[in-house]
Amino acid sequence: MARIVMKFGGTSVADLDRIRSVAGRVKRQLEAGDQVAVVVSAMSGITNQLVGYCEALSPLHDAREYDAVVATGEQVTSGLLAIALQTLGVDARSWHGWQIPMATDGAHAKARIEAIEGGRLIERMQGGQVPVVAGFQGLGPDHRITTLGRGGSDTSAVALAAALRADRCDIYTDVDGIYTTDPRIVPKARRLAKIAYEEMLELASVGAKVLQTRSVELAMKERVRVQVLSSFGSDAAPYENGRDSLPGTLVVDEDEIVEKEIVAGIAYSRDDAKVTVRRVPDRPGVAAAVFGPLAEAHVNVDMIVQSTGADGTTDMTFTVGKTDLARAIQVLQAARGDIQYGEMLTDADVAKISVVGVGMRSHAGVASTMFRTLSDRSINIQVISTSEIKVSVLIGVEYTELAVRALHNAYGLDVA
Ligand code: ADP
Ligand code: ASP
Ligand code: MG
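In this numbering scheme, every chain counts its residues from 1 along its sequence in written order. Chain labels run from A onward and ligand labels from 1 onward, assigned in the order the entries are written. pLDDT decides what is reported in this predicted model: residues at 70 or higher carry local features, side-chain atom pairs at 80 or more are listed and counted, and totals for whole chains, interfaces and linings draw on all residues regardless. Only hydrogens and water are removed before side-chain values are computed, so all heavy atoms of the structure are retained for them.

This paragraph deals with unusual backbone geometry. A cis amide bond links isoleucine 100 to the next residue, proline 101, at an omega of -15°. Starting at the N terminus, helices and strands are each numbered in turn, a helix being any DSSP run of H or I of at least four residues and a strand any DSSP run of E of at least two. If you trace the backbone, proline 101 turns up in the loop between strand S3 (92–95) and strand S4 (102–104). Positive phi values are uncommon outside glycine, yet arginine 223 reaches one of about 55°. Relative to the helices and strands, arginine 223 is located in the loop between helix H8 (213–222) and strand S11 (226–230).

Here it is in structure tokens:
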């Protein structure tokens, strides 16, 4: 007998038929003798709709009220799935974040889980009941609902698996595992049987939405075994082929992977915007004058380039999340007197393309292959940033798919 957390994403619970199918899957897992807790996302499209309502009323809305609105999506699904399970004769009960409680810090709209009280849920599971937990939400120190940032149900699931001391956290989604890149834009992408925590962490942080970054960070820290699987297709019993031939992708320690590729995967993100402040007097302290106020306003800055002209001024270009762009503009306009820039330009039509692999630590030439491949396609690179196991470039958004496909081929990742 194992204790398993099963998480179902938005497309997996998109309508009542999908919810019935998920209920069937949960029931079969129970029948295999396992204890099960479930974490659900909102039905697909619902969170976007709720976010849209908040933005339409006010682009700089109060984050506490945003959380009060967007957390409702998951609450609906947790109740519906509990009903669907009960209809199949399974004892099930829905749980909102505050009822467990799933305690978070107070950073509304991007809260971090701090502690989960797992005891009551474990008792219920031991008695054969299935807790159906609303993902994406928690309870802040101000006793208000918080949410964990987009894609946060993955993190709810991993955190719950850690708190329940589960044997595994199965993330059910609309693709059958983690691929070398998004299989929706590169049909030749390959499914990876295993991927290292560190690689998945880096891929997630640069845009591979299959797992939320924080969920991978947490899995790595708490040693949670994460498996990514499809909730579509065969409704046959889990592990019908026996436990040696698990479907999907397991996220594991680097040394569990025998055949390491230099590049494990390629990710893209259209969630960033580029900001340039031009003709800033080039003196010590300018970077602090630009980035200090942004940090105080909780605007995360990612890639940065600075280029100094002959006239003693400098241009600073950097990226921020698209959702933070309005705030960034407001902050920089307010700080114009201190920074003394000539003008500010913004561009939201950009994409960040990243190649990731632990093999880069010991192999040179990954970056130069990237630059050559893009230049062969006449794709202009606007900003570059690197880490030990990653190279990222910023390009025009219209080249996203072309760039990802060309790089996937250039690193020999295409399926034969
Ligand atoms: P869910 O609603 O189940 O959480 P998401 O949309 O958040 O699903 O994540 C699944 C999606 O992630 C897939 O449909 C796929 O388009 C995308 N994706 C991006 N990169 C990858 C990758 N490397 N491997 C698999 N899927 C990826
Ligand atoms: N429903 C939330 C979102 O769309 C959380 C999730 O799906 O993981 O971001
Ligand atoms: Mg997701």
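Read on for the rest.
A few words on helix H9 (residues 286–296). Residues that lie three or four places apart on an α-helix share one face, since the helix turns once every 3.6 residues. For the exposure calls, accessible area comes from a 1.4 Å probe over protein chains only, and a residue counts as buried if that area is under 20% of its type's maximum, exposed if over 50%, partly exposed in between. Every buried residue of H9 is listed here: Val286, Ala289, Val290, Phe291 and Leu294. Turning to H9, the residues buried within the fold contact strand S14 (272–281), strand S15 (301–308), strand S16 (313–321), helix H10 (325–334) and helix H11 (336–339). After H9 finishes, the residue histidine 298 shows a positive phi value of roughly 60°. The criterion used for residue contact is that any of the two residues' heavy atoms lie within 4.5 Å.

With that out of the way, let us pick up empty space enclosed by the protein. Within this scheme a cavity is a closed region of a 1 Å grid, computed over the protein atoms alone, that accommodates a 1.4 Å probe without allowing it to escape, whereas a pocket is open but has protein on both sides within 12 Å along at least five of seven lines; lining residues each have an atom within 4 Å of a point. Grid points are joined across faces, edges and corners, and a volume is the space filled by probe spheres set on the points. Using the criterion set out here, one finds one cavity of 30 Å³ or more in the structure. If you add up the space inside the largest cavity, you get close to 40 Å³. Lining the largest cavity are Val158, Tyr197, Leu211, Ser215, Val216, Ala219, Val226 and Val251. The element that contributes the greatest number of residues to the lining of the largest cavity is H8, accounting for three residues. When residues are sorted by character, Ala, Val, Leu, Ile, Met, Phe, Trp, Tyr, Cys and Pro go into the nonpolar class, Asp, Glu, Lys and Arg into the charged class, and all the rest, Gly among them, into the polar class. Here the residues of the lining of the largest cavity sort into seven nonpolar, one polar and no charged.

Being near a molecule or strand, for a residue, comes down to having at least one heavy atom within 4 Å of it. Near ligand 2 the following residues occur: Ser41, Ala42, Thr47, Glu74, Phe136, Arg150, Gly151, Gly152 and Ser153. Between ligand 2 and arginine 150 there is a distance of 2.6 Å, counted from an oxygen atom to a side-chain nitrogen or oxygen. Under this definition, polar contacts are N or O atom pairs within 3.5 Å; protein pairs additionally need one hydrogen-donor-capable and one acceptor-capable atom, and for neighbouring residues in sequence, both atoms have to be side-chain atoms. Within the backbone of serine 153, an N or O atom sits 3.0 Å from an oxygen atom of ligand 2. To measure how exposed things are, a 1.4 Å probe is used in the Shrake-Rupley method; for residues, cover is taken only from the protein chains shown. When the free accessible area of ligand 2 is taken as 270 Å², the share hidden by the protein chains comes to 86%. The residue makeup of the shell around ligand 2, split by class, is two nonpolar, five polar and two charged.

Neighbouring ligand 1 are 16 residues; Thr173, Asp174, Tyr179, Asp182 and Arg184 lie closest to it. Between ligand 1 and threonine 173, the relevant distance is 2.7 Å, taken from an oxygen atom to a side-chain nitrogen or oxygen of the residue. In this structure, lysine 209 approaches ligand 1 through a main-chain N or O atom, which is 3.4 Å from an oxygen atom. When ligand 1 is considered free in solution it has 570 Å² of accessible area, and contact with the protein chains removes 83% of it. Here the residues of the shell around ligand 1 sort into six nonpolar, five polar and five charged.

Following DSSP output, two strands are said to pair if at least two bridges run between them. Taken in spatial order, the four strands of this open sheet run S13-S18-S20-S19, and their pairing is antiparallel. Two strands lie at the open edges of the sheet, namely strand S13 (265–269) and strand S19 (383–387), each paired on one side alone. Across the sheet, the mean angle separating the axes of adjacent strands is 20° when strand polarity is ignored. The pairing of S13 with strand S18 (residues 350–356) spans five bridges and is classified as antiparallel. Counterpart to alanine 267 in the pairing with S18 is serine 354. Convention adopted: a line fitted to C-alpha atoms gives each axis, helices being fitted over their contacting stretch, and angles between N-to-C directions are expressed from 0 to 180 degrees. Of the strands in this sheet, S18, S19 and strand S20 (390–396) are in contact with helix H12 (residues 366–376), which crosses S20 at around 15°. In the packing of helix H13 (residues 400–410) onto the sheet, the strands contacted are S13, S18 and S20, and the crossing angle to S18 comes to about 15°.

This part is about the pairing of S13. The buried fraction of S13 amounts to five of the five residues, a majority that puts the element mostly inside the structure. By the alternation rule, side chains of S13 split into Gly265, Ala267 and Ser269 and Ile266 and Tyr268, which are all buried.

It is at 9 Å that the axes of helix H2 (residues 46–57) and helix H3 (residues 63–70) come closest, and there the two elements cross at 150°. For the pair H2 and H3, the sense of crossing is right-handed. The segment H2 lies against H3, with Leu50, Val51 and Cys54 engaging Tyr66, Val69 and Val70. Looking at the contact of H2 with H3, its residues break down into six nonpolar, no polar and no charged. We call a crossing left-handed when the near helix sits turned anticlockwise from the far one by less than a right angle, and right-handed when that turn is clockwise.

On to the pairing of strand S12 (residues 249–252), then. One face of the sheet, then the other: side chains in a regular strand alternate in exactly this way. The alternating pattern of S12 places Thr249 and Val251 and Leu250 and Val252 on opposite faces, both of which are buried. For strand S10 (residues 194–196) and S12, the ladder comprises three bridges, and the chain directions are parallel. If you follow isoleucine 195 over to S12, its bridge partner there is valine 251. In terms of strand pairing, S11 meets S12 through three bridges, oriented antiparallel. Opposite glutamine 227, over in S12, you have leucine 250 as the bridge partner.

What follows concerns the sheet that holds S15. Sheet architecture is open: four strands sit in the order S15-S16-S14-S17, paired in antiparallel fashion. Two strands lie at the open edges of the sheet, namely S15 and strand S17 (343–347), each paired on one side alone. Between one strand and the next, the sheet's axes are offset by a mean angle of 15°, whatever the strand orientation. Looking at chain direction, S14 and S16 are connected through eight bridges and run antiparallel. Bridge pairing in S16 links alanine 273 to valine 320. Sitting on the sheet, H9 is in contact with S14, S15 and S16, with an inclination near 25° to S16. Of the strands in this sheet, S14, S16 and S17 are in contact with H10, which crosses S17 at around 175°.

Moving on, we get to the packing of aromatic side chains. Pairs were defined over the aromatic rings of Phe, Tyr and Trp, the Trp ring being its six-membered one, requiring ring centres within 6.5 Å. Orientation was assigned from the angle between planes: stacked under 30 degrees, edge-to-face over 60, tilted for the rest. Scanning the entire structure with this criterion turns up two aromatic pairs. Centroid distance phenylalanine 8 to tyrosine 172: 4.9 Å. Interplanar angle 15°. Geometry classified as stacked. Linking phenylalanine 8 in strand S1 (residues 3–8) with tyrosine 172 in strand S9 (residues 168–173), this pair joins segments that are 164 residues apart in sequence. Tyrosine 172 shares its class with phenylalanine 8; the two are buried. A ring pair is formed by phenylalanine 291 and phenylalanine 318, whose centres lie 5.0 Å apart and whose planes are at 75°; its orientation type is edge-to-face. You can see phenylalanine 291 sitting in helix H9 and its partner phenylalanine 318 sitting in strand S16, a full 27 residues away along the chain. Each member of the pair, phenylalanine 291 as well as phenylalanine 318, carries the same accessibility label: buried. The positively charged end of arginine 18 is found above the aromatic ring belonging to phenylalanine 232, 3.8 Å away from the centroid. Definition used: whenever NZ (Lys) or CZ (Arg) falls within 6 Å of the ring centre and also within 35 degrees of the ring normal, the charge is taken to sit over that ring.

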